[in-house]
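Okay, here's what each chain looks like letter by letter:
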Amino acid sequence: MPFTLPNLPYAFNALEPHIDARTMEIHHGKHHNAYVTNLNNAVAGKPEENLSIEEICKNISKYPAAVRNNGGGHYNHSLFWAVIGPNAGGAPTGSLADAINDAFGNFDEFKTKFAAAAAGRFGSGWAWLIVGADGKLAITSSPNQDNPLMDVAEVQGTPILGLDVWEHAYYLNYQNRRPDYVTAFWNVVNWVEVAKRFDAAK
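Sequence order sets the numbering: in each chain, residues are counted from 1 along the sequence as written. Where local features are concerned, this predicted model is filtered to residues with pLDDT of at least 70; where side-chain atom pairs are given and counted, the filter is 80 or more; whole-chain, interface and lining totals use all residues. By convention in this description, side-chain values take in all heavy atoms of the structure and omit both hydrogens and water.

Asks: Is there a simple way to explain the overall build of the chain in this structure?
Replies: Counting from the N terminus, the helices are DSSP H or I runs at least four residues long and the strands are E runs at least two residues long. Scanning the chain from N- to C-terminus turns up 8 helices and 3 strands. When the elements of the chain are put in sequence order from the N terminus, they spell out α-α-α-α-α-β-β-β-α-α-α. The C-alpha radius of gyration computed for the chain amounts to 16 Å, which stays within 12% of the reference 17 Å derived for 202 residues, consistent with globular compactness. By its C-alpha atoms, the chain is 50 × 40 × 30 Å across when sized along the principal axes. Each residue is assigned to one of three classes by its accessible area relative to the maximum for its type, calculated with a 1.4 Å probe on protein chains only: buried under 20%, partly exposed between the two thresholds, exposed over 50%. Here the chain holds 202 residues, and the buried ones make up 47% of them. Considering only contacts in the chain between residues 6 or more positions apart, those separated by 24 or more positions represent 69%. Here the radius of gyration uses the C-alpha set of atoms, whereas the globule reference equals 2.2 Å times the residue count to the power 0.38. Whether two residues touch is decided by their heavy atoms; if any such pair falls within 4.5 Å, the residues are in contact.

Asks: Help me understand the nonpolar core in this model?
Replies: Side chains that are nonpolar tend, in soluble globular proteins, to be buried together. What we call a nonpolar core is a set of buried Ala, Val, Leu, Ile, Met, Phe, Trp, Tyr and Cys residues that are connected through their side-chain atoms within 4.5 Å. Counting 57 residues, the largest nonpolar core has Phe-110, Leu-137, Leu-161, Phe-185 and Trp-191 as the members making the most contacts within it. When near neighbours in sequence (up to four residues on either side) are disregarded, Leu-137 contacts Leu-96, Ala-99, Ile-100, Ala-103, Phe-104, Leu-129, Ile-130, Val-131, Ile-160 and Phe-198.

Asks: How do you make sense of the sheet that holds strand E1 (residues 125-131) when you look at a structure like this?
Replies: Backbone hydrogen bonds are what pair the strands of a sheet, in a parallel or an antiparallel way. DSSP bridges decide pairing: two strands pair if at least two such bridges lie between them. Within the open sheet, the 3 strands sit side by side as E2-E1-E3. Their pairing is antiparallel. The open sheet has two free edges, formed respectively by strand E2 (137-143) and strand E3 (158-164), since each of these has just one partner strand. Going across the sheet, the axis of each strand differs from the next one's by a mean of 25°, ignoring polarity. Two strands pair when backbone bridges link them, and E1 and E2 are joined in this way by 7 bridges, in the antiparallel orientation. Residue pairing in the sheet places Trp-128 in a bridge with Thr-140 of E2. Fitted lines through C-alpha atoms serve as axes, helices being fitted only where they are in contact, and the angles separating the N-to-C directions of these axes extend from 0 to 180 degrees. Packing against the sheet, helix H3 (residues 65-83) makes contact with E1 and E3, and its axis sits at approximately 85° to E3.

Asks: Explanation requested: helix H8 (residues 191-201) in the structure shown.
Replies: Residues three or four positions apart in an α-helix share a direction because the helix packs 3.6 residues into each turn. Of the residues making up H8, those classed as buried are Trp-191, Glu-193, Val-194 and Phe-198. Projected down its long axis, H8 carries its buried residues within an arc of 155°, all on one side. Residues of H8 that are exposed and point over 90 degrees away from its buried face: Val-192, Lys-196 and Ala-200. In this structure, the buried side of H8 is in contact with H3, helix H4 (94-104), helix H5 (107-120), E1, E2 and E3. The arc refers to the directions leading from the helix axis to the C-beta atoms.

Asks: I keep staring at the layout of surface pockets and nothing clicks. Help me out?
Replies: Rolled over the atoms, a probe with the dimensions of a water molecule shows which regions are left empty. A cavity here means a set of 1 Å grid points, computed over protein atoms only, where a 1.4 Å probe fits but cannot escape. A pocket is an open set with protein on both sides within 12 Å along at least 5 of 7 lines, and lining residues have an atom within 4 Å of a point. Grid points are joined across faces, edges and corners, and a volume is the space filled by probe spheres set on the points. For the largest pocket, the calculated volume is near 160 Å³. Taken together, 14 residues line the largest pocket, and the ones lying closest to its centre are Ser-141, Ser-142, Pro-143, Glu-154 and Val-155. Among the elements that take part in the lining of the largest pocket, E2 stands out by supplying 4 residues, more than any other. Under the scheme applied, nonpolar residues are Ala, Val, Leu, Ile, Met, Phe, Trp, Tyr, Cys and Pro; charged residues are Asp, Glu, Lys and Arg; polar residues are all the others, including Gly. Along the lines of polarity and charge, the residues of the lining of the largest pocket split into 6 nonpolar, 4 polar and 4 charged.

Asks: Explanation requested: the packing of aromatic side chains in the structure shown.
Replies: For any pair of aromatic rings, geometry is given as the distance between the ring centres together with the angle between the planes. Only the six-membered ring of Trp is used, alongside the rings of Phe and Tyr, when aromatic pairs are assigned; centres must lie within 6.5 Å, and planes under 30 degrees apart are stacked while those over 60 apart are edge-to-face, with the rest tilted. The final tally for this structure, using the stated rule, is 15 aromatic pairs. Ring centres 5.4 Å apart and planes at 65° place the aromatic pair Phe-114 and Trp-186 in the edge-to-face group. On the criterion of sequence distance, the pair formed by Phe-114 in helix H5 and Trp-186 in the loop between helix H7 (178-185) and H8 is long-range, its members being 72 residues apart. This pair shows no difference in class: Phe-114 is buried, exactly as Trp-186 is.

Asks: In this structure, what is going on with the environment of Glu-193? I would like to understand it.
Replies: When you line up the elements, Glu-193 lands in helix H8. Spatially, the C-alpha atom of Glu-193 lies 24 Å from that of Leu-51, the residues being 142 residues apart in sequence. Those residues within four positions of Glu-193 in sequence are excluded, and the remaining contacts are Ala-82 and Val-83.

Set out below in structure tokens:
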């Protein structure tokens, strides 16, 4: 199979109390795993099974809905597990902090705008911090399992931070209180990883 479920780099309970172990277990082992299985089935025997998930996303308009939905699900979740973690939170430093200040005024203003994108996404989807073609940071959101790498995205760029606002990401712990989940998210953001992705995207 060309695509595989990445291992979580921490235990299921490592993000408690912000994200509970049972949610992590189901989210990674059931939801993400299903996207990988369905993506592999959708590309089996086709040229795209030899492409990277990034290449597929960048040309997603060429592919059927099964590839768009499951390929997006695989890419998005793979990024999500990497940019959250234990012993995280706080604030970014260095060039990423400077870029956030340049784009949004200050870190608190960035958090307010990102939270608004996450809370305001109707139904299922994602909120993103991206690096645009001009090298500048922007906040956007996408429906379902779409992402800003996709050639169909309303706002395109390279995602460096993503927040899953599908109900399966938070409902066991937060029920319908999505804004509370978004607030808790800041306690688990791995800014070192986000900064690495920022430097690579520039």
